[in-house]
Amino acid sequence: MAATTTHAPSLSFLLSHPHSAAPQLRLRPSPHHRLRCATDAAAAPAAPAKHRRAADENIREEAARHRAPSNDFSAWYEPFPPGPDGDPHERYSLDEIVYRSSSGGLLDVRHDMDALARFPGSYWRDLFDSRVGRTTWPYGSGVWSKKEFVLPGIDPDHIVSLFEGNSNLFWAERLGRDHLGGMKDLWVKHCGISHTGSFKDLGMTVLVSQVNRLRRAPLSRPIAGVGCASTGDTSAALSAYCAAAGIPAIVFLPANRISLEQLIQPIANGATVLSLDTDFDGCMRLIREVTAELPIYLANSLNSLRLEGQKTAAIEILQQFDWEVPDWIIVPGGNLGNIYAFYKGFEMCRVLGLVDRLPRLVCAQAANANPLYRYYKSGWTQFQPQVAEPTFASAIQIGDPVSVDRAVVALKATNGIVAEATEEELMNAMSLADRTGMFACPHTGVALAALFKLREDRTIGPNDRTVVVSTAHGLKFSQSKIDYHDKKIEDMACKYANPPVSVKADFGAVMDVLKKRLKGKL
Ligand SMILES: Cc1ncc(COP(=O)(O)O)c(C=O)c1O
Ligand SMILES: N[C@@H](CCOP(=O)(O)O)C(=O)O
């Protein structure tokens with residue numbers, strides 16, 4: 001693939017955007033420009049118009065009928081991290097199939113921040129707020145409600161969306177109050193309460209939409225299918241979105257290392273499922289080789305398109321807090337794309353004046369798969385990939401994370417922290433959260449265990465507004481909970497186990513058990 005080399009001094013990386021220091025100096029858009037954008041946005045920032053669709057029209061057709069002239073916003077790939085200012089930039093259209101820079105490094109999707117900055121932060125806040133909870137195609141999706149910040153150039157008709165995003169921000173009142181030293185402002189962003197049960201839906205809608213665009217006229221690229229290596233969640237999301245679009249999906253899974261619930265998802269969605277006798281890192285190496293050889297598009301987060309969708313979870317959190325910035329965001333990390341996606345979402349909002357600061361990020365890893373934690377502890381001097389050990393947080397059993405460099409940028413820019421959790425700590429944290437009304441997955445347990453530690457050493461204060469990112473639905477990991485509550489885990493006390501009580505079906509026997517259980521409360 002030939003690289004397009006351009007000089008793009010005004011298209012600098014969003015970190016160094018010229019407007020970032022002085023949002024008050026931004027130009028207000030002309031009324032004409034505003035009208036064009038609001039129309040393209042399908043819903044005006046003020047009161048969205050109420051109307052009925054014609055009976056023979058679906059929402060996609062309705063969106064096509066309302067299509068506005070194309071806007072000025074654009075995005076492309078550039079190497080990550082960007083070179084020093086003034087250096088010639090390598091740059092690729094999003095319509096090219098390219099995952100690595102010419103030097104073999106990562107790529108990143110860059111937006112024309114100058115074009116976006118022609119509108120004040122208040123414009124974007126109002127526009128995004130006006131789209132929440134509606135069924136307008138495609139803006140009813142939590143991802144596509146931020147289309148201008150995600151894939152501005154894609155035709156809505158090419159979008160493959162299952163109305164993902166808009167996930168619950170849960171106030172963890174009892175967990176914070178009773179178990180975390182009276183925390184008042186503890187929240188859990190339930191990214192796992194979603195179509196396929198994990199945050200991967202947010203990125204996959206973007207990636208599969210772009211593939212759909214590439215495959216259809218006029219581009220008509222001969223892409224035979226979309227493939228990924230997975231610890232279970234990426235493959236589930238890929239399979240669902242491909243099935244919705246009628247595109248073949250191919251998934252490489254490490255045999256016996258993912259949950260049954262995760263395994264059945266791509267099978268049910270009709271994907272080609274290869275169960276391989278290796279770990280995730282081995283599957284990742286293979287899918288990269290295969291996608292270099294066959295016309296199969298790579299869907300892992302090495303492909304930076306995914307992160308454009310995932311970053312909307314950060315924007316959504318800001319939106320849910322009425323555009324007030326929380327103090328802390330805690331994210332479990334594996335392949336490390338998501339921690340960068342969160343940073344990117346927050347940073348884009350800061351640079352464009354939607355908010356005025358960044359939260360501090362915490363990346364939480366399982367002690368059995370902790371290459372980033374070790375790197376952090378070395379003062380960022382030495383990154384050492386490892387062979388990750390099995391962990392109940394099986395989706396983050398990753399020893400050679402593809403996005404380690406992205407994670408370092410995110411953490412350094414936010415005065416971030418990396419924490420780790422042992423198996424016992426993560427299972428206890430998950431189970432205690434469950435006792436307060438959640439049904440967390442073990443990965444969320446890793447993030448919660450990090451929170452416990454950071455509260456204990458007072459890094460996080462009782463009044464700090466803190467958001468723990470729940471990355472998957474607990475129902476996808478029921479076996480780990482069964483083992484915990486059965487107290488079947490070797491060398492683990494399973495402190496919060498709550499096994500069922502077997503009782504004879506007899507009134508007296510039942511009463512005896514209840515009296516014992518409710519002693520002092522009856
Ligand atoms: C449930 C779950 N949580 C957390 C992660 C970590 O995300 P990332 O790989 O982007 O660090 C993954 C995947 O790796 C996951 O599937
Ligand atoms: N947890 C992931 C691991 C790989 O994910 P990716 O986001 O880097 O593609 C999974 O579910 O497969």
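Residues numbered from 1 in each chain as written. Chains lettered and ligands numbered in written order. Predicted model: local features only at pLDDT ≥ 70, side-chain atom pairs only at ≥ 80, totals over all residues. Heavy atoms only, no water.

## Observations regarding the overall build of the protein
Using the following cut-off: Numbering of helices and strands runs from the N terminus, with a helix taken as a DSSP run of H or I at least four residues long and a strand as a DSSP run of E at least two residues long. Residue exposure (1.4 Å probe, protein chains only): buried if accessible area is under 20% of the type maximum, exposed if over 50%, otherwise partly exposed. Residue contacts follow a heavy-atom distance rule, with two residues in contact if any of their heavy atoms lie within 4.5 Å. Only the protein chains shown count as cover for residues, and all accessible areas are computed by the Shrake-Rupley method using a 1.4 Å probe.
Across its full length, the protein holds 19 helices and 14 strands. When each of the 522 residues of the protein is scored for burial, the buried share is 57%. Across the protein, the fraction of contacts at a sequence separation of at least 24, relative to all contacts at a separation of at least 6, is 72%. Of the roughly 21,700 Å² of accessible surface on the protein, a fraction of 52% belongs to carbon and sulfur atoms.

## Topic: the site of ligand 2
For clarity, the threshold we go by: Put simply, a residue is near a molecule or strand once any heavy atom of it comes within 4 Å of that molecule or strand. Contacts described as polar in this section are N or O atom pairs within 3.5 Å, which, within protein, must combine one atom able to donate a hydrogen with one able to accept it, while residues neighboring in sequence count only if both atoms come from side chains. Side-chain classes are defined by residue name, with Ala, Val, Leu, Ile, Met, Phe, Trp, Tyr, Cys and Pro counting as nonpolar, Asp, Glu, Lys and Arg as charged, and the others, Gly among them, as polar.
In the vicinity of ligand 2 there are 13 residues, among which S230, T231, S301, R306 and N335 approach most closely. Here S230 contributes a side-chain N or O atom positioned 2.6 Å from an oxygen atom of ligand 2. Between N335 and ligand 2, the recorded distance is 2.7 Å, taken from a side-chain N or O atom to an oxygen atom. Its residues placed into classes, the shell around ligand 2 shows 3 nonpolar, 7 polar and 3 charged.

## Quick notes on the nonpolar core
Stated precisely, the cut-off is as follows: Each nonpolar core is a collection of buried residues, namely Ala, Val, Leu, Ile, Met, Phe, Trp, Tyr and Cys, held together in the definition by side-chain atoms within 4.5 Å.
Counting 110 residues, the largest nonpolar core has W124, L238, Y297 and L372 as the members making the most contacts within it. No other element matches the 9 residues that helix 13 (residues 337-351) contributes to this core. Filtering out sequence-adjacent residues up to four positions away, W124 remains in contact with F73, L116, F119, E148, F149 and L354. Within the second largest apolar cluster, 40 residues are counted, among which are A366, I417, A440 and Y484.

## Quick look at the pattern of salt bridges
Selection criterion: Salt bridge, as used here, is a side-chain nitrogen of Lys or Arg placed within 4 Å of a carboxyl oxygen of Asp or Glu.
This model, assessed by the stated rule, comprises 24 salt bridges. The partner of K344 in a salt bridge is D108, and the shortest N-O contact between them spans 3.1 Å. Note that K344 is positioned in helix 13 and D108 in strand 4 (residues 106-111), a separation of 236 residues in sequence. K344 gets classed as buried once you look at its relative accessible area, which sits at 1%. Its relative accessible area of 0% is what places D108 among the buried residues. Here D434 ties to K481 by a salt bridge, and the two come within 2.4 Å at their closest N and O atoms. Residue D434 is found in helix 16 (residues 423-435), and its partner K481 is found in helix 18 (residues 478-485); the two are separated by 47 residues along the sequence. When salt bridges that share partners are traced, they join E78, D108, R110, E308, K311 and K344 into one network.

## Re the packing of aromatic side chains
Heads up, the condition is: To pair, rings of Phe, Tyr and Trp, with the six-membered ring standing in for Trp, must have centres within 6.5 Å; the planes then decide the type, stacked if under 30 degrees apart, edge-to-face if over 60, and tilted in the middle. Any Lys NZ or Arg CZ that is within 6 Å of a ring centre and within 35 degrees of that ring's normal is treated as a charge sitting over the ring.
According to the stated counting rule, one finds 18 aromatic pairs in the structure shown. A centroid spacing of 4.9 Å and a plane angle of 85 degrees characterise the contact between F128 and F149, whose relative ring orientation is edge-to-face. Taken together, the positions of F128 in helix 4 (residues 121-131) and F149 in helix 5 (residues 147-150) put the pair 21 residues apart, joining distant regions of the chain. One aromatic cluster is present, built from ring pairs that chain together F73, F119, Y123, W124, F128 and F149. Positioned over the ring face of F321 is R465, at 4.2 Å from the centre of the ring.

## Structural notes on the site of ligand 1
Put simply, the rule reads: Only protein atoms enter the calculation, which uses a 1 Å grid: trapped sets of points that fit a 1.4 Å probe without letting it out are cavities, open sets showing protein on both sides within 12 Å along at least five of seven lines are pockets, and any residue with an atom within 4 Å of a point is a lining residue. Being in a pocket or cavity means that more than half of the molecule's atoms lie within 2 Å of its grid points.
Inspection of the region around ligand 1 gives 15 residues, with D233, G334, N335, L336 and T471 positioned closest. In this structure, T471 approaches ligand 1 through a side-chain N or O atom, which is 2.7 Å from a nitrogen atom. Coverage of ligand 1 by the protein amounts to 98% of the 380 Å² it exposes when considered alone. A majority-of-atoms criterion places ligand 1 in the largest cavity. Of the residues that constitute the shell around ligand 1, the class distribution is 6 nonpolar, 7 polar and 2 charged.

## Some thoughts on the sheet that holds strand 12 (residues 360-366)
Two modes of strand pairing occur in sheets, parallel and antiparallel, and in both the strands are linked by backbone hydrogen bonds. The criterion, for reference: Whether two strands pair depends on DSSP finding at least two bridges between them. Only the contacting stretch of a helix is used when fitting its axis, a line to C-alpha atoms as for every element, and angles between N-to-C directions run 0 to 180 degrees.
Read across the open sheet, the 6 strands follow the order 5-6-14-11-12-13; overall the sheet is mixed. With one partner strand each, in any of the chains shown, strand 5 (169-171) and strand 13 (417-421) form the two edges of the open sheet. Adjacent strand axes in the sheet meet at a mean angle of 25 degrees, parallel and antiparallel pairs treated alike. The sheet contact formed by strand 11 (residues 328-332) and strand 12 spans 5 bridges and is parallel.

## Side note on the layout of surface pockets
Put simply, the rule reads: Grid points are joined across faces, edges and corners, and a volume is the space filled by probe spheres set on the points.
Roughly 400 Å³ of volume is contained in the second largest pocket. Taken together, 17 residues make up the lining of the second largest pocket; nearest its centre are I258, S259, S394, Q479 and S480. When residues of the lining of the second largest pocket are traced back to their parent elements, those giving at least two are helix 9 (260-268) and helix 18. Top contributing element to the lining of the second largest pocket by residue count: helix 18, with 5 residues. Its residues assigned to classes, the lining of the second largest pocket shows 6 nonpolar, 8 polar and 3 charged.

## A look at empty space enclosed by the protein
With the rule as written, the count across this model stands at 4 cavities of 30 Å³ or more. Per-element tally for the lining of the largest cavity: the top contributor is helix 13, with 3 residues. A volume near 60 Å³ is recorded for the second largest cavity. Along its surface, the second largest cavity is lined by G165, S167, K189, C191, I193, S194, S198, F199, D201, L202, A313 and E316. Elements that contribute at least two residues to the lining of the second largest cavity include exactly helix 7 (200-215) and helix 12 (312-320). When its residues are assigned to classes, the lining of the second largest cavity shows 5 nonpolar, 4 polar and 3 charged.

## Some thoughts on the sheet that holds strand 9 (residues 272-276)
Strand order in the open sheet formed by 4 strands is 9-8-7-10, and the pairing between neighbours is parallel. Looking at which strands have only one partner, the edges of the open sheet turn out to be strand 9 and strand 10 (296-298). Averaged over all neighbouring strand pairs, the angle between strand axes comes to 25 degrees, with direction disregarded. Two elements, strand 7 (residues 225-229) and strand 8 (residues 249-254), share 4 bridges in a ladder whose sense is parallel. Residue G227 lies in a different strand from strand 8, and its bridge partner there is I250. Where helix 7 meets the sheet, its contacts fall on strand 7 and strand 10, and the angle it forms with strand 10 comes to roughly 145 degrees. Against the sheet, helix 8 (residues 233-245) engages strand 7 and strand 8, with an angle of about 165 degrees to strand 8.

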